[in-house]
Each structure stands twice: as structure tokens, then as C-alpha cells.
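So the chains spell out like this:
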Amino acid sequence: MTGIQRGVSRGLHGQIVEVMAQRILSGQIPEGSTINVPDLQADLGVSLTAVREALKVLTAKGLVDARQKRGTFVRPRSDWNLLDADMIRWHFDDDVRPELLEELHEVRGIVEPAAARLAAVRASDAQVLALDEALAAMSSAADDLAAAEADLTFHKALLAATGNELLTKMEVIMETGLADRDRLVHRVKPSDDSVPSHARVVEAVRAHDPEGAELAMRELLAKAAEDLSAVRDSSGRPSANGDVRKPSGRGRK
């Protein structure tokens, strides 16, 4: 079964790219192995042109390369563009690397406290208002999806409030991973209310209190770490669709 479906919304080309990427990310096509393009084309049941176009996309993301006498091959993981938005999403889609949520949390622990400190120094009235609006959306969210979207909006607004364009671009790391983390946490702890911890960050930013903003963000992240532990320990590791699988021999979140 290839997973290629005609007529679906994301299009044939996008499906081919994702199926090939998942085979590489899951290790079905291991690092360093040569890809037999005609065999792959026959297996997927699509045109050779379609496969080659998909390989161009994967080449741009550092997953594959092609050389004379060697052909098309999978590059080492160290060459993969793991900060690419599609790459992050593909990891979560197939749950191919369970520890990715913990790695995301480590990145947040480095970036967001410093971002909160900068935001407290630099945020404009409009940027504080954006944080207020995101917080209000979190409070009024009717379901987990709306709450996750509002949470992501909050963290993107905080990055924007730093006035640092490079920090703002860190949202590409947050977007898929944070949304998926929120969905899984809400499944395990549906009554959990994260608004107060976010509100403390906003109040410190509004008061132009960098130390207070950094501390509030560290407290928020400490709570996020507890939530992550709850997900990890909830009788198994979470799958990409939110179901809990029994522990296996693979690494765990």
C-alpha cells in the first residue's frame, strides 16, 4: 500500500513527496541507501516524471542527493534540513521520532525566556494588544483545536514583540510541534487551564519588567514540562493521531 490517493485535496504531487519523505524519515529507506527510481515509480504507481519532481523537493530539504555513478541516494541525517516546516510536520505526522517533543521543549527553553525578556523591553502597545487578544482567544476557546490555535498565536506574537526578525522566524519550529503538543496534552489533561501562566507573561511584558517576563516564561515552560511528562507517562507514547500506543522498544518522549 503506497498511501497515494487520487483526487484528494493536497494533490498527487504533494502525496508523492510525503510518502517518499516518510519512508526516509521512518528508516524504511535508510540513510546512505541508493534509491532505485524506476522501482519506486512502479511501487507508487505514478509517472517517472512525478517521482523525479518529488525527488527535487526532497533534495532541496537535504534528504536526498544524486551523483554520477552512484545515482540517487539518501543523505545522512546530519544533512537534513530539520528546521524546514514540512520536515517538522512530517516527523509528527508519522511519529517517526518520539523524542521530538522533548527536543522542541529544549529549544523553547533556550529561546522563549530570552524572547520574553526582549519583549518586555521592546514591545509596542500594538504588540501587547496582540498578546492580550491571543490570551482572550485562549480563554474563550470552544474546543481543543481553537485553544491550540490561540496558544500558537500567543507564542508567535511574543516572538514578534521582540523586534528581532530572526527570532520571529523561530515560529517555524513552534508551529507544527507546539500545535501537536497542545493537542496531545489536552487529550491527556482535558481540564488543564494554561491561561493563568500565559497571563503572567503578558502582565510582565506590559509592565516592561524583563526579569519578571523571563521568570514567568520559565514558570510557563516548567508547567509545559509537567504536561509533557503526563503525555509521556499516560500508558504509552502518543501517536500522530492522538491515540496512545503501548510502549515499544523505540525511544520515548
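Summary of the structure given here. Numbers given for residues are sequential positions, taken from 1 along each chain in its written order. Per-residue local features are limited, in this predicted model, to residues with pLDDT of at least 70; the limit for side-chain atom pairs, both in listing and counting, is 80 or more; totals at the level of whole chains, interfaces and linings are taken over all residues. Heavy atoms throughout the structure, all of them, feed into the side-chain values; hydrogens and water do not.

With that settled, the discussion passes to the overall build of the chain. Secondary structure is summarised from DSSP: a helix means a run of H or I of at least four residues, a strand means a run of E of at least two, and numbering begins at the N terminus for each. On a plain count of helices and strands, the chain comes out with 11 helices and five strands. When checking whether two residues touch, look at their non-hydrogen atoms; a contact exists if any pair is within 4.5 Å. Contacts in the chain between residues far apart in sequence, at least 24 positions, make up 67% of those at least 6 positions apart. Accessible surface, the chain: about 12600 Å² in total, of which carbon and sulfur atoms supply 52%. The Shrake-Rupley method, run with a 1.4 Å probe, gives the accessible areas here. Residue values count only the displayed protein chains as cover.

When strand β1 (residues 34-35) meets strand β3 (residues 71-74), the two strands line up antiparallel, connected through two bridges. Residue pairing in the sheet places Thr34 in a bridge with Phe73 of β3. By definition, two strands form a pair when at least two bridges between them are found by DSSP. Relative to β3, strand β2 (residues 64-67) runs antiparallel, the two sharing four bridges. Residue pairing for β3: Val64 is matched across the bridge by Val74.

This part takes up unusual backbone geometry. We note that Lys69 has phi near 75°; this positive angle belongs to a residue other than glycine. Along the chain, Lys69 turns up in the loop between β2 and β3. Exposure classes here rest on a 1.4 Å probe applied to the protein chains alone. A residue is buried below 20% of its type maximum, exposed above 50%, and partly exposed in between. In this structure Lys69 comes out as exposed when scored by relative accessible area, which is 92%. Positive phi, normally seen in glycine, also occurs at His208, with a value near 55°.

Salt bridge criterion: a side-chain nitrogen from Lys or Arg within 4 Å of a carboxyl oxygen from Asp or Glu. What the rule picks out here adds up to 14 salt bridges. Between Asp86 and Lys61 there is a salt bridge, with its nearest N and O atoms 3.1 Å apart. A residue pair is termed long-range when its members are at least 10 positions apart, and Asp86 in helix α4 (residues 85-94) and Lys61 in the loop between α3 (48-60) and β2 qualify at 25 residues. With a relative accessible area of 26%, Asp86 lands in the partly exposed category. What makes Lys61 buried here is its relative accessible area of 9%. Residues joined by salt bridges that share partners form a network here, namely Glu18, Lys61, Asp84, Asp86 and Arg89.

With that settled, consider the packing of helix α6 (residues 125-140) against helix α10 (residues 195-206). Axis geometry follows a simple rule: fit a line to the C-alpha atoms, using only the stretch in contact for helices, then measure angles between N-to-C directions, giving values from 0 to 180 degrees. It is the contact of α6 with α10, at a shortest axis distance of 10 Å, that shows an interaxial angle of 165°. Comparing the axis directions of α6 and α10 gives the class roughly antiparallel. The two elements α6 and α10 meet at a crossing, and its hand is left-handed. Mapping the contact onto sequence places Val128, Leu131, Asp132, Leu135, Met138 and Ser139 in α6 and Val195, His198, Ala199, Val202, Val205 and Arg206 in α10. Relative orientations are named as follows: roughly parallel for angles under 35 degrees, roughly antiparallel for angles over 145 degrees, roughly perpendicular for angles from 65 to 115 degrees, and oblique for any other angle. Here a crossing is taken to be left-handed if its near helix is turned anticlockwise relative to the far helix by less than a right angle, and right-handed if that turn runs clockwise.

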